[in-house]
Amino acid sequence: MSPDRALMPYRHGRWLLIVVLLGVPLSQCSELQWPEGTPTPTPAQRREALAALGYRAAPGAEWQWAEMSADPDAVDAGPVELFAALDVQPIGGE
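Numbers given to residues run from 1 along each chain, matching the order in which its sequence is written. Whole-chain, interface and lining totals are the exception, using all residues; otherwise, since this is a predicted model, local features are given only for residues with pLDDT of at least 70 and side-chain atom pairs are given and counted only at 80 or more. Hydrogens and waters are ignored; side-chain quantities use all the structure's heavy atoms.

A. Seen up close, the pairing of strand 2 (residues 14-20). The buried fraction of strand 2 amounts to five of the seven residues, a majority that puts the element mostly inside the structure. By definition, two strands form a pair when at least two bridges between them are found by DSSP. Secondary structure elements follow DSSP: runs of H or I no shorter than four residues count as helices, runs of E no shorter than two count as strands, and numbering proceeds from the N terminus. Where strand 1 (residues 4-11) meets strand 2, five bridges bridge the pair, whose relative direction is antiparallel. Across the sheet, residue arginine 5 finds its bridge partner in strand 2, namely valine 20. Count of turn residues in the strand 1/strand 2 antiparallel hairpin: two residues, of which histidine 12 carries a positive phi of about 55°. Across three bridges, the pairing between strand 2 and strand 3 (residues 31-33) is antiparallel. Pairing of leucine 16 across the sheet is with glutamine 33, part of strand 3. Categorising residues by exposure relies on relative accessible area from a 1.4 Å probe, with only protein chains included: less than 20% of the type maximum marks a residue as buried, more than 50% marks it as exposed, and the intermediate range marks it as partly exposed.

Written out as structure tokens, the structure is:
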């Protein structure tokens, strides 16, 4: 079985945490949004946010960070958006 995945993009001045479930429309997935202007959430804040949504990091999982550009084909295209992902599991689940 594929693990569920938590995604954390930074868009429009806000961090968003969304738990994406296989076969579930994105509009029905659990999410939490930090207030505008919040700095990058700390590991403790991310754990608390996941727990509030009923999830925790899967065993051995670590946050993976990436950059996204509006134009990935252009060199030095300007500002990038940060994006993080983590395998998760429901609290109490295995």
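B. Region of interest: helix 1 (residues 43-52). Buried residues of helix 1: Arg46, Ala49 and Leu50, and no others. Buried positions in helix 1, seen along its axis, are confined to an arc of 100° and lie on one side of it. Set apart from the buried face of helix 1 by more than 90 degrees, the exposed residues are Arg47, Glu48 and Ala52. Count one or two residues on from helix 1 and you reach glycine 54, which has phi positive near 90°. Directions pointing from the helix axis toward each C-beta atom define the arc.

C. Highlighting a nonpolar patch on the surface. Without a salt bridge and with relative accessible area above 30%, a residue can belong to a patch; like charges are then joined within 9 Å and nonpolar side chains (Val, Leu, Ile, Met, Phe, Trp, Tyr) within 5 Å. Only the protein chains shown count as cover for residues, and the accessible areas themselves come from Shrake-Rupley with a 1.4 Å probe. Think of a salt bridge as a Lys or Arg side-chain nitrogen and an Asp or Glu carboxyl oxygen that are within 4 Å of each other. A cluster of nonpolar residues, Tyr10, Trp65 and Leu82, forms a patch on the protein surface that exposes about 260 Å² of accessible area. In this structure, leucine 82 sits in strand 6 (residues 80-90).

D. Expanded view of the environment of tryptophan 34. Structurally, tryptophan 34 can be placed in the loop between strand 3 and helix 1. Between the alpha carbons of tryptophan 34 and tryptophan 15 there is a distance of 5.5 Å; along the sequence they are 19 residues apart. Contacts of tryptophan 34, omitting those with residues within four sequence positions, involve Met8, Arg14, Trp15, Leu16, Leu17, Pro41, Gln45 and Ala49. Contacts between residues were defined by any pair of non-hydrogen atoms, one from each residue, lying within 4.5 Å.

E. Region of interest: the pattern of salt bridges. Tallying each qualifying case throughout the model produces two salt bridges. Across the salt bridge formed by arginine 5 and aspartate 87, the nearest N and O atoms sit 2.7 Å from each other. Remark: aspartate 87 occurs in strand 6 and arginine 5 occurs in strand 1; sequence separation between them is 82 residues. By relative accessible area, which is 25% here, arginine 5 ends up partly exposed. Overall, aspartate 87 belongs to the partly exposed group, its relative accessible area being 26%. A salt bridge links arginine 14 to glutamate 36, with the nearest nitrogen and oxygen atoms 3.7 Å apart. Linking arginine 14 in strand 2 with glutamate 36 in the loop between strand 3 and helix 1, this pair joins segments that are 22 residues apart in sequence.

F. Looking closely at the side chain of aspartate 4. By the element assignment, aspartate 4 lies in strand 1. Under this rule, positive means Lys or Arg and negative means Asp or Glu; His and the chain ends count for nothing. As a buried residue without a salt bridge, aspartate 4 has its nearest oppositely charged side chain in arginine 5, at a separation of 10 Å. The contacts of aspartate 4, once residues within four sequence positions are left out, are Val19, Val20, Leu21, Leu22, Tyr55, Leu86, Asp87, Val88 and Pro90.

Honestly, it's all geometry; don't read function into it.
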